[in-house]
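Coordinate analysis (summary)
Single-letter residue listing:
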Amino acid sequence: MNESPPILTEPHGDTGTALTFLRGFWYYTMASHELVAGKTCAVVIMGEPILLGRTRDGAAFALSDTCPHRGTLLSRGSFDGQEVECPYHGWRFNSGGQCTAIPSQLPDQRPQPADIKTNCFPVHESQGNLWLYMGRPHLGRPQENLPTLPRVPEVPAVGDRFQLHLRRRFDCSIDLAITGLMDPAHGAFVHASTVWRGHRDVLTKEKQFSPAPLGWRMDKHTASGNARAYRLFLGGAPETEITYSLPGVRIEHATTGRFTYCGLTACTPVDAQTTDVHHVMYWDVPGGGLTRALVRRVAGRFLGQDADAVADMRDGQAYDPETMLVQDADNQIRWYYRLKKEWQQSRKEDRPFKNPIETAVLRWRS
Ligand code: FES
Ligand SMILES: [Fe+2]
């Protein structure tokens, strides 16, 4: 990578930044415990209104939130723990989207409930998280081959139980949100702190990267000298490995041998200008609720700083300036757009995805 002729800048336009949502992936919706049995919850993903629910028996489901009759939001209706009822004419749907009642119809009239099925989405719960599959528009049904779910390495002492789930709404596109989270050079400016990192406190970094399914991995390395928050939390310099994968999932595994921390950051596009960023943390550091409260404060602050930073970028980019991606600090952003392009191309051509990322060493100061 470093032997290629020095390209100092690359116009941002070349990366194909026109916002497109990626289909064919699981998207994070909420922590499993937030969806209570017998209740529903309305969400919007990629501009589509979706009704999430959990039956009395505990099974999660997701239906299109618009009634197939006249479009009323089903989430404004009622749910008896088994079936959803539209508030307008009382059509009822089970958790698989099958219509079970159309009160206005006489027996000889069409349609009858059996003729109507509303769009439903596959959902899956794992490690305390509720994921929803966004397939081809209006075909989000299990006939597509579902990809495997993103999985966080297990922290042996706590298993699949997370310690903390944080959600932050970013007022920007998923592209800005995810590239903002993978950007390595903003830390000393955006996340400076008197406790763990001085303003403009930078060191030279050299990291090895390799391809991972649907993305890349920053190979296992010892966290750098200015990652003090980490060292404070884990009681030493941890070995860290970070994976980024489409459509906007970052998984981090850090261990000192004594303690382990795993983090899942998942970006879900609400609409073109809104992205929900979920940060789920698993650790075995002792301290119970006190540790949790402390981490909530620090991690929440980090997320808020990132949200503000990308909002400033969004405001600047609204003027459509010429921008650039520099070597090597912005290489991961370039990879993200490359992966995205290849994913869309492979779907269009109906062929397997071919990961364009190659092994590389990147160097920068941060
Ligand atoms: S709009 Fe839902 S039943 Fe008519
Ligand atoms: Fe950040």
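Sequence positions are assigned chain by chain, starting from 1 and proceeding in written order. Key to labels: chains lettered from A, ligands numbered from 1, both in the order written. Where local features are concerned, this predicted model is filtered to residues with pLDDT of at least 70; where side-chain atom pairs are given and counted, the filter is 80 or more; whole-chain, interface and lining totals use all residues.

**As for the overall build of the protein chain**
Think of it this way: any DSSP run of H or I at least four residues long counts as a helix, any run of E at least two long counts as a strand, and we number them from the N terminus. A count of helices and strands for the protein chain gives five helices and 19 strands. Using C-alpha atoms as the atom set, the radius of gyration is obtained and then compared with a globule rule of 2.2 Å times the number of residues to the power 0.38. Scaling as 2.2 N^0.38, a compact globule of 366 residues should have a C-alpha radius of gyration of about 21 Å, and the protein chain matches this with 23 Å. Expressed as lengths along the three principal axes of its C-alpha atoms, the size of the protein chain is roughly 75 × 50 × 35 Å. Field definition: a residue is buried when 20 or more other C-beta atoms are found within 10 Å of its C-beta, exposed when 12 or fewer are, and partly exposed for counts in between, with C-beta atoms placed from the backbone. Each of the 366 residues in the protein chain was classed as buried or not, and the buried ones make up 31%. Relative to all contacts within the protein chain whose residues are 6 or more apart in sequence, the contacts with residues 24 or more apart total 58%. Once C-beta atoms are placed from the backbone, any two residues with those atoms within 7 Å are in contact.

**Structural notes on the confidence of the model for the protein chain**
Chain-level pLDDT for the protein chain is 91 on average; 92% of the residues reach the 70-or-more range. Looking at any residue, its pLDDT shows the predictor's confidence there, from 0 to 100. Counting contacts from residues 1–16, a segment whose pLDDT is below 50, to residues more than four positions away or on other chains yields 23 contacts.

**A word on the sheet that holds strand E11 (residues 129–134)**
Two strands pair under a simple rule: DSSP has to find at least two bridges between them. Strand order in this open sheet of three strands is E1-E11-E10, and the pairing throughout is antiparallel. Two strands lie at the open edges of the sheet, namely strand E1 (25–31) and strand E10 (123–126), each paired on one side alone. Pairwise comparison of adjacent strand axes, ignoring direction, gives a mean angle of 30 degrees for this sheet. Where helices are involved, their axes are fitted lines through C-alpha atoms of the stretch in contact, as for all axes, and angles between N-to-C directions lie from 0 to 180°.

**Things to note about the domain arrangement of the protein chain**
The start and end points of each domain follow an automatic or database-based domain assignment. Each domain of the protein chain was delimited in the assignment, giving domain 1 (25–134) and domain 2 (150–365). The gap between the C-alpha centroids of domain 1 and domain 2 is 33 Å. Taken together, the 14 residues of domain 1 in the interface contact 16 residues of domain 2. Of all the secondary structure elements, the ones that give two or more residues to the side of domain 1 that touches domain 2 are E1 and strand E2 (40–45). Per element, the largest residue contribution to the side of domain 1 that touches domain 2 is six residues, and it comes from E1. Of the residues contributing to the side of domain 1 that touches domain 2, the split by class is eight nonpolar, six polar and no charged. Under the scheme applied, nonpolar residues are Ala, Val, Leu, Ile, Met, Phe, Trp, Tyr, Cys and Pro; charged residues are Asp, Glu, Lys and Arg; polar residues are all the others, including Gly.

**Digging into unusual backbone geometry**
Each neighbour pair has its own omega, and for Arg-110 with Pro-111 the value is -5 degrees, a cis peptide bond. Mapped onto the secondary structure, Pro-111 falls in the loop between strand E8 (99–101) and strand E9 (120–121). Positive phi outside glycine occurs at Leu-214, with the angle close to 65 degrees. Along the chain, Leu-214 turns up in the loop between strand E13 (204–212) and strand E14 (215–222). Among the residues examined, Leu-214 registers 21 C-beta atoms within 10 Å and is labelled buried. Positive phi values are uncommon outside glycine, yet Asp-320 reaches one of about 60 degrees. As for its placement among the helices and strands, Asp-320 is situated in the loop between helix H4 (288–317) and helix H5 (331–348). Under the C-beta neighbour-count criterion, Asp-320 is labelled exposed, with 8 such atoms within 10 Å.

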